[in-house]
Amino acid sequence: MSEKANSRGQRRKELEKQKKSKKTSTSGWLKRIIVACFIIGLAGLLFGGGLFAFYASSAPELDEESLKDPISSEFYDINGDVFATIGSESRDYVNYEDIPKEMEAAILATEDVRFYKHNGIDFYRLGGAVLANITSGFGSQGASTLTQQVIKNSFLQNEKTLKRKAQEAYLAYQLEQKYEKEEIFEMYFNKVLMSGNIYGFGTASESFFGRELKDLKLHEMAMLAGMPQSPNNFNPFKHPEAAEKRRNIVLRLMEQHGKITKAEMEEAQAIPLSEGLLAEEKRKPSNSTKYLAFLDIVLNELAAKSKDDSLADGLKVYTTLDPQAQGSVEAAFSGDNFPTKEIQAGMTVLDTKTGAIVAVGGGRDYGPSFEFNFAQDVSKRGIGSTVKPILDYGPAIEYLNWSTGHTLVDEKMNYSNSDQQIYNFDNEYMGAMTMREALYRSRNIPAVKAFKEVKSDDRKDFANSLGITGDYLDYESAAIGATTGINTIKLAASYAAFGNAGVFSEPFSIREIVYRDGETKKTFKPKSKPAMKDSTAFMVTDMLRDVVSERRGASGKAAIIPGLDVAGKTGTTNYTAKEFNDYNLSEGSAPDIWFAGYTTNYSIAVWTGYKERKNAINTADSNERTFAQRLFKDVMSNVSEGKDTPRFKRPNSVVEATVEIGTSPLRLASEFTPDNLKQTELFVRGSEPTEVSEEYEQIEVDAPSNFKAEYSEGDQSATLSWKHKAPKRDKDELDVAFEVSFAVDGGSPSVLQTTNQEGLIVTGITPGSTYTFSVVAIADGVRSEPTSTTLEIDAVEVPEQGEDENPGEGDGQGNSDGQGNGNGQGNGNGQGNGEGGSDDGSGEGTTPPEDDGTTPPEGDGTTPPEEEPTPPEDGGDDGGTDSSEGATNITEDENKARAASTDESDSDSSSSTP
């Protein structure tokens, strides 16, 4: 027992020793960690302090002029010339004592609520920002005070780096030591960028409300206070919805920080943003640039792509502006060129290959500040049939390998699962047609059918790859233009991909930004990616060429530019039945008309319409209906002048094939396919048809039979007659024409006449010659073997003068022209043989009658004969044959009389002189 007790006691002692050892060990490690952290923290602090001191030592010196005056930013065109300067215009400077207290409260609640409690750096706010940056990444949230913003806008470029933050903090502290809080607030109040070329709240008050700050209401002050966060995006003239949302946030912040009551907040939030805003006709014009519409695009892009960059930083912005192209646009957008006083237009011109925006048309006589920019601000309007290559036919070629000759039927049709009928612009249907024809005629039903054939995901991918997005992509109505979110910039860029072998380039207007130090730069390279196969791009382009052509039914004829290889598409939107009633519109009214077209160099999209949707374009007026096309033609002609514009080149992935229209699936045309059914179409290589159509087989045309030639000595004519059995196709007899030829005395044959009759009378046959006549039957371009017959005419013997003992005797019925009526006695010579030009054969001159020579003749030989009648012209009805003078048709009775000896008495024939 005792031994066991001793052993247990020893074990307890050993366990206690182990526990003490562990405690000592844990305590030691903890001390080491604390010491290490302290050392690291101290080292970090020393390093950070040293780095801060180093950065601070290189900070610029405070300069009062820079603190109070904004620094100008410059904008350059592609030639390196300045076309706009922002920040150089005069401002409405407001002293601190003149700033309304509500205005100050709104600004502080929004930007720096602890402004009067910190010394330039708000450490409470900084702590929250540090935490956000640790969890979300450096730069995810800022903590700049108003003092720091003044420093940044006066001396430093807007970049999120440790150096800039250190210098900003150091200078902010210095600024707080040198100036009173009220002076610093005044600097911020007058220096901050509000929108466009507007600096300071005083200038903004005049620009947006036409009133001084002291006359503004609470909701108006709140709107201004919210603008500096994103000056152009919160511009109430351009983006009223965003501006109102931002205003309400400011009002809520004011209530949250005790600047106003909840009731005051709710009352101000309920007021429409438009209340109090300056009317458009009273807005001040901007003299900063003659290219204001283009500058609007640049400023929006600057805000979207480089949010940290402020125009107050003194930037040099290098753009894609081509002044020559911009000049062409502005000349075309002169109000004198517009068909009505109020109609408007928007346009974007960009480089087909790179997507660089080279010119912009914001509207007619664009100039006043904050005017609606119709190049970019029409995204709520539908784009009509210009969407068809993007949503309908492009995807069908890309994913289904449709050819340009793919057959579609234009027929009565409703939207799926709906009783709503789909209409064409003319409310008619044209039946089966190729995809090519459906596109250049802009038929709606074939477009919807193509839309439905492509899988939804494929169709969306295709559109998205061209920069077109939206929930509407699944709706069948989108197939014919029921779209939103597309403006002239996006449309021009998407069409450019078709002209760039399927490569889409994101549209851009800024090439490079150079900061105040002259060394720091941001370069924006074109973002390009394949959006479709090159086969799809070319096949769509080739169809769009036909839109801008003289083809019958082509919808873009007004955009034809001689000498330029142009492809393009028209687009017209419609009003609803309710809108027609509400707006009291007439038939043919349309809210929007578009045209998008391109060459290998440029892509241009044009919108035309009225600012107010209730005002309609009159499509019955060709000047209004084709205005978009004519603007395109004008500008594209000018920007292309003097430049080499290569034609669109067919890639190796596309092949041509001549097919027989109407075959399904398409088959190659045979040599017997009628010409009007042959058409050359494009196919994706490998999908072209290999089978030849057997729809039209070769017909056999029998040679004419029973070919006879009967000579009439009296009128020296030959009556030709033959029989023929017409060939048939599909049980229907084909039209047959007969080509008649002749040769004289073995000479070369000549075509005498082509007739659709089974007979011909040939006049002017000369006795003493041998005539060989041939006839060939022709049906549907196929010729029969010839059938021939020979007619040998004996010469007529004429007695020599003096052989007759009584030369004065004769019947006198020929006087060299066969019409003499003398009896040959007296001075008549009686030797007329009737061989003159007569067709009636009245001259006989055969056996002289007995006469004693005493009776005077009835004709003395001096009276001229009656004039012969002119032979009638060919009476054939085919209109396309060789017609000889003197040819006449033989009626049935005449044929019976002239060819009574043959069995052809019931055939039709005509007459001709060889």
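Residues numbered from 1 in each chain as written. Predicted model: local features only at pLDDT ≥ 70, side-chain atom pairs only at ≥ 80, totals over all residues. Heavy atoms only, no water.

A.B. asks: Quick question: what am I supposed to make of the nonpolar core here?
C.D. replies: General note: in soluble globular proteins, nonpolar side chains tend to be found buried as a group. Formed by 95 residues in total, the largest nonpolar core has its most connected members in Met347, Val349, Tyr393, Leu466, Leu491 and Phe632. The contact partners of Phe632, leaving out residues within four places of it in the chain, are Met347, Ala559, Ile561, Val566, Phe595, Gly597, Tyr598, Ile604 and Val606. Core analysis: the next-biggest nonpolar cluster, separate from the first, contains 50 residues, Phe189, Val192, Ala204 and Leu273 among them. (Core = buried A, V, L, I, M, F, W, Y, C linked by side-chain atoms within 4.5 Å. Buried < 20%, exposed > 50% of the residue type's maximum accessible area, 1.4 Å probe, protein only. Contact = heavy atoms within 4.5 Å.)

A.B. asks: Which parts of the structure should I look at to understand the sheet that holds strand 5 (residues 316-319)?
C.D. replies: Hydrogen bonds along the backbone pair up the strands of a sheet, which may run parallel or antiparallel. Reading across the sheet, the five strands line up as 2-1-5-13-14 and stay open at both edges, with mixed pairing between neighbours. Looking along the sheet, the strands with just one partner apiece sit at the ends: strand 2 (82-86) and strand 14 (521-523). This sheet shows a mean twist of 15 degrees between the axes of neighbouring strands, independent of strand direction. Of the pairings in the sheet, the one linking strand 13 (residues 510-514) to strand 14 comprises three bridges and is antiparallel in character. Of the residues in strand 14, the one forming a bridge with Ile513 is Lys522. Along the sheet, helix 12 (residues 292-305) contacts strand 1 (73-76), strand 2, strand 5 and strand 13; its crossing angle with strand 2, the most-contacted strand, is approximately 60 degrees. (Pairing = 2+ DSSP bridges. Helix = DSSP H or I, 4+ residues; strand = E, 2+ residues; numbered from the N terminus. Axes fitted to C-alpha atoms, helices over the stretch in contact; angles between N-to-C directions.)

A.B. asks: What exactly am I supposed to notice about the sheet that holds strand 16 (residues 567-572) here?
C.D. replies: Here we have five strands laid out as an open sheet, ordered 7-6-19-18-16, and antiparallel in their pairing. Both edges of this open sheet fall to strand 7 (357-361) and strand 16, since each of them pairs with a single strand only. Taking each pair of neighbouring strands and ignoring which way they run, the sheet shows an average axis angle of 10 degrees. Note: strand 6 (residues 344-351) against strand 19 (residues 602-609), eight bridges, orientation antiparallel. Paired with Leu350 across the strands is Ser603, a residue of strand 19. Against the sheet, helix 13 (residues 323-332) touches strand 6 and strand 7, its axis set at about 20 degrees to strand 7.

A.B. asks: What exactly am I supposed to notice about the side chain of Thr789 here?
C.D. replies: Looking at the secondary structure, you find Thr789 in strand 32 (residues 787-792). For Thr789, the contacting residues outside a window of four places in its chain are Phe707, Lys708, Ala709, Tyr771, Thr772 and Phe773.

A.B. asks: What exactly am I supposed to notice about the environment of Phe189 here?
C.D. replies: Among the structural elements, Phe189 can be located in helix 7 (residues 181-191). The exposure class assigned to Phe189 is buried, which follows from its relative accessible area of 0%. Taking the C-alpha atoms as reference points, Phe189 and Val150, 39 residues apart in sequence, are found 9.4 Å from one another. Among all residues touching Phe189, those that are not within four sequence positions of it are Val94, Ile99, Met103, Ile107, Gly200, Phe201, Gly202 and Leu213.

A.B. asks: Looking at this structure, how should I read the confidence of the model for the protein?
C.D. replies: For any part of a model where pLDDT is low, the fine detail of the predicted coordinates should not be relied upon. For the protein, mean pLDDT is 81; residues scoring 70 or higher make up 74% of the total. Of the regions scoring below 50 in pLDDT, residues 1-5 engages in zero contacts with residues more than four places distant in sequence or in other chains. Under a pLDDT of 50 for its full length, residues 802-909 has, in the predicted model, 166 contacts with residues more than four places off or in other chains. (pLDDT = per-residue confidence, 0-100.)

A.B. asks: Honestly, the packing of helix 14 (residues 388-400) against helix 16 (residues 444-453) in this entry has me stumped. Any pointers?
C.D. replies: Helix packing geometry: the angle between the two helix axes and the distance between the axes. At a minimum axis separation of 8 Å, helix 14 and helix 16 run at an interaxial angle of 50 degrees. As the angle between them shows, helix 14 and helix 16 are arranged oblique. In the packing of helix 14 onto helix 16, the handedness of the crossing is left-handed. In contact with Lys388, Leu391, Asp392, Tyr393 and Leu400 of helix 14, helix 16 contributes Asn444, Pro446, Ala447, Ala450, Phe451 and Glu453. By residue class, the composition of the contact of helix 14 with helix 16 is seven nonpolar, one polar and three charged. (Parallel < 35°, antiparallel > 145°, perpendicular 65-115°, else oblique. Left-handed = near helix turned anticlockwise from the far one by under 90°. Nonpolar A, V, L, I, M, F, W, Y, C, P; charged D, E, K, R; others polar.)

A.B. asks: Honestly, helix 10 (residues 240-256) in this entry has me stumped. Any pointers?
C.D. replies: Think of an α-helix as turning once every 3.6 residues; residues three or four places apart then point the same way. If you check helix 10, its first and last C-alpha atoms are 24 Å apart, about what 17 residues at 1.5 Å a residue would give, namely 24 Å. Those residues of helix 10 not exposed but buried are Ala243, Arg246, Arg247, Asn248, Val250, Leu251 and Met254. A positive backbone phi angle near 75 degrees is found at Gly258, which sits one or two residues after helix 10. (Expected span 1.5 Å × (residues − 1).)

A.B. asks: Please explain the pattern of salt bridges as it appears in this structure.
C.D. replies: A side chain with one charge can pair with a side chain of the opposite charge if their charged atoms come near. Enumeration according to the criterion identifies 30 salt bridges in this entry. Among the ionic pairs, Lys316 bridges to Glu74, the shortest N-O distance being 2.9 Å. With Lys316 in strand 5 and Glu74 in strand 1, this residue pair connects regions lying 242 residues apart in the sequence. A salt bridge links Arg545 to Asp565; the shortest N-O distance between them is 2.7 Å. Of this pair, Arg545 sits in helix 19 (residues 534-547) while Asp565 sits in the loop between helix 19 and strand 16; the two residues are 20 residues apart in sequence, bridging distant segments of the chain. (Salt bridge = Lys/Arg side-chain N within 4 Å of Asp/Glu carboxyl O.)

A.B. asks: What is the right way to read the pairing of strand 28 (residues 750-755) from this model?
C.D. replies: As paired elements, strand 27 (residues 737-744) and strand 28 share five bridges and run antiparallel to each other. Bridging across to strand 28, Phe738 finds its partner in Thr755. Remark: five residues form the turn of the hairpin made by strand 27 and strand 28, two consecutive strands paired antiparallel; Asp745 in that turn has positive phi of roughly 50 degrees.

A.B. asks: Where do I start with the side chain of Asp592 in this structure?
C.D. replies: Mapped onto the elements of the fold, Asp592 is located in strand 18 (residues 592-598). A polar atom in the side chain of Asp592 sits 2.6 Å from the side chain of Arg381. Within the local environment of Asp592, its side chain forms a polar contact with the side chain of Thr573, the two groups lying 2.7 Å apart. Every residue in contact with Asp592, bar those within four places of it in the chain, is listed here: Arg381, Gly382, Gly571, Thr572, Thr573, Trp607, Thr608, Arg613 and Ile617. (Polar contact = N/O pair within 3.5 Å; in protein donor to acceptor, adjacent residues only side chain to side chain.)

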